[in-house]
Amino acid sequence: MKINKKTGFTLIAGQLLAAGILGSAAFFLMCRPLAGEKAGTLYVDTDDTADSVFFKLETQLHARHLTGIRLLASCKDYGQQIHTGAYRFTPDERAWQIFNRLRGGHQTPVRLTIGSVRTLDRLAHNVSRQIMADSSSIARLLADTAYVSRLGYNTCTLPALFIPNTYEVYWDMTAEEFIARMQKEHDRFWTPQRKALADSIGLTPAEVATLASIVDEETANTKEKPVVAGLYLNRLKVGMPLQADPTIKFSLQDFGLRRILYKHLEVESPYNTYKYAGLPPGPIRIASIQGMESVLNYARHDYLYMCAKEDFSGTHNFASTLAEHSRNAQRYQKALNRRNVH
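Now for a quick tour of the structure. Here the residue index of a chain counts from 1 through its sequence in written order. Only residues with pLDDT of 70 or above have their local features reported here, since the model is predicted, and side-chain atom pairs are shown and tallied only from 80 upward, although totals for entire chains, interfaces and linings are computed over all residues. The side-chain quantities take in all heavy atoms of the structure and omit both hydrogens and water.

**Looking at the packing of aromatic side chains**
Only Phe, Tyr and Trp rings take part, Trp by its six-membered ring, and two of them pair if their centres are within 6.5 Å. Stacked means planes under 30 degrees apart, edge-to-face means over 60, and tilted covers everything else. Counting across every chain of the model gives 8 aromatic pairs. Geometrically, the ring pair formed by Tyr 87 and Phe 89 is stacked, given 6.4 Å between the ring centres and 10° between the ring planes. For the pair formed by Tyr 87 and Phe 89, the shared burial category is buried. With 5.4 Å between their ring centres and 90° between their planes, Phe 189 and Trp 190 make a pair best called edge-to-face. Sitting over the face of the ring of Phe 189, Arg 194 holds its NZ or CZ atom 4.0 Å from the ring centroid. By definition, being over a ring means that NZ of Lys or CZ of Arg is both within 6 Å of the ring centre and within 35 degrees of the ring normal. Here the basic side chain of Arg 300 rests over the ring of Tyr 298, its NZ or CZ set 3.8 Å away from the ring centre. The classification of residues rests on relative accessible area computed with a 1.4 Å probe and restricted to protein chains. Under 20% of the type maximum is buried, over 50% is exposed, and intermediate values are partly exposed.

Below, the structure is given as structure tokens:
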């Protein structure tokens, strides 16, 4: 059928108008904000699909306008190139901005806090709640003796690797990447100046962490830590057993003990510092930075004995002689008896 010029122009104009409308609609959808309730973080895991990512946007970030993102995902084949990670979005971010970040893997760093915990199992559990690697993969790596040996540690000294602090990391780091980052932070902490201080008191960095872990368990009082560190260093110098009650709790793996009895001192363990002189085989917890600084900058004095104060303030009475210490200990024992602490 022959089409005259007027009809042809009308058809072309109609097609252009339709294309314009479609283009405008597409542009509107691409530029529409997320419209969530508030800023939030989307976590994309290894088993996520495009649909599960969209579902998380809806359920976790309460996003209401996802048509533009879905359209872009369909055109760009997003399902074949999903990047894991944590992505923090604000409600006013546009569909195209959100999609480009997801498709490009431009994730947001997260904060990873390493605490001064007592066991590596607890460390693995805490870390797994902050990054993508699960606790079993982290724990398995920490228990791998060959792997730990390559790092320069053994299963006893390994807690010395970790420096309690808060770090910026990418959420999708693996267990291996987590350990590598901790090694990097350990090396950064142990500056030439700190190594020189450790060497001046005859300790390696791992031994500093070991002694610091005992100091941390003995007192939470900041001012006391260097004093306690100096006391234990005095004992080491004269060949006196450390006789540190926290090492008994560690040997028994009973951290709730409120009173150490003679029967507890008989536990057979290389960590029993009543039976074995010198430092235990490794830290009894992940030592705090404050604890390690207290060892490196210990207080100079002649104290050899310490006993918790009878006022239960968490601080200690210090003594240079056994007679003085015995008097301090009697006052504390009487206070325990009055409170029926057994």
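Additional details are given in the paragraphs that follow.
**What to know about helix 11 (residues 225-238)**
Over its 14 residues, helix 11 runs 20 Å from end to end, which matches the ideal 20 Å to within 8%, given 1.5 Å per residue. Secondary structure elements are taken from DSSP: a helix is a run of H or I of four residues or more, a strand is a run of E of two residues or more, and numbering for both begins at the N terminus. For helix 11, the buried fraction is high: 10 of the 14 residues fall into the buried class. Contact between two residues is taken to exist if any of their heavy atoms lie within 4.5 Å; hydrogens are not considered. Buried-residue contacts for helix 11 involve helix 10 (205-218), helix 13 (289-296), strand 5 (305-308) and strand 6 (316-319). Taken from the residues just after helix 11, Gly 239 is the one with a positive phi, measuring 75°. Each helix should span, by expectation, one fewer than its residue count multiplied by 1.5 Å.

**Quick word on the packing of helix 3 (residues 67-76) against helix 4 (residues 95-104)**
Interaxial angles span 0 to 180 degrees and are taken between N-to-C directions of axes, which are lines fitted to C-alpha atoms, for helices over the stretch in contact. Remark: helix 3 packs on helix 4, axes separated minimally by 9 Å, with the N-to-C direction vectors making an angle of 45°. Viewed along their axes, helix 3 and helix 4 adopt a mutual orientation that is oblique. Crossing angle aside, the handedness with which helix 3 passes helix 4 is right-handed. Counted together, Gly 68, Ile 69, Leu 72, Ala 73 and Lys 76 of helix 3 and Ala 95, Trp 96, Ile 98, Phe 99 and Arg 103 of helix 4 form the full contact between these two elements. Under the grouping applied here, Gly and all other residues not named as nonpolar or charged are polar, the nonpolar ones being Ala, Val, Leu, Ile, Met, Phe, Trp, Tyr, Cys and Pro and the charged ones Asp, Glu, Lys and Arg. Here the contact of helix 3 with helix 4 is composed, by residue class, of 7 nonpolar, 1 polar and 2 charged. Should an angle fall under 35 degrees it is taken as roughly parallel, and over 145 as roughly antiparallel, whereas 65 to 115 is taken as roughly perpendicular and any remaining angle as oblique. Here a crossing is taken to be left-handed if its near helix is turned anticlockwise relative to the far helix by less than a right angle, and right-handed if that turn runs clockwise.

**Quick word on the layout of surface pockets**
Roughly 1,300 Å³ of internal volume is contained in the largest pocket. Along its surface, the largest pocket is lined by 40 residues, and Asp 245, Ile 260, Cys 307, Ala 308 and Tyr 332 are the ones closest to its centre. Where the lining of the largest pocket is concerned, the elements lending two or more residues are helix 10, helix 11, helix 12 (245-252), strand 5 and helix 14 (322-338). At 7 residues, the largest contribution of residues to the lining of the largest pocket is made by helix 14. Looking at the lining of the largest pocket, its residues break down into 21 nonpolar, 9 polar and 10 charged. Considered as a void within the structure, the second largest pocket measures approximately 160 Å³ in volume. When its residues are assigned to classes, the lining of the second largest pocket shows 9 nonpolar, 3 polar and 2 charged. Both cavities and pockets are sets of points on a 1 Å grid over the protein atoms alone; in a cavity a 1.4 Å probe fits but cannot get out, in a pocket the set is open with protein on both sides within 12 Å along at least five of seven lines, and lining residues sit with an atom within 4 Å of a point. Grid points are joined across faces, edges and corners, and a volume is the space filled by probe spheres set on the points.

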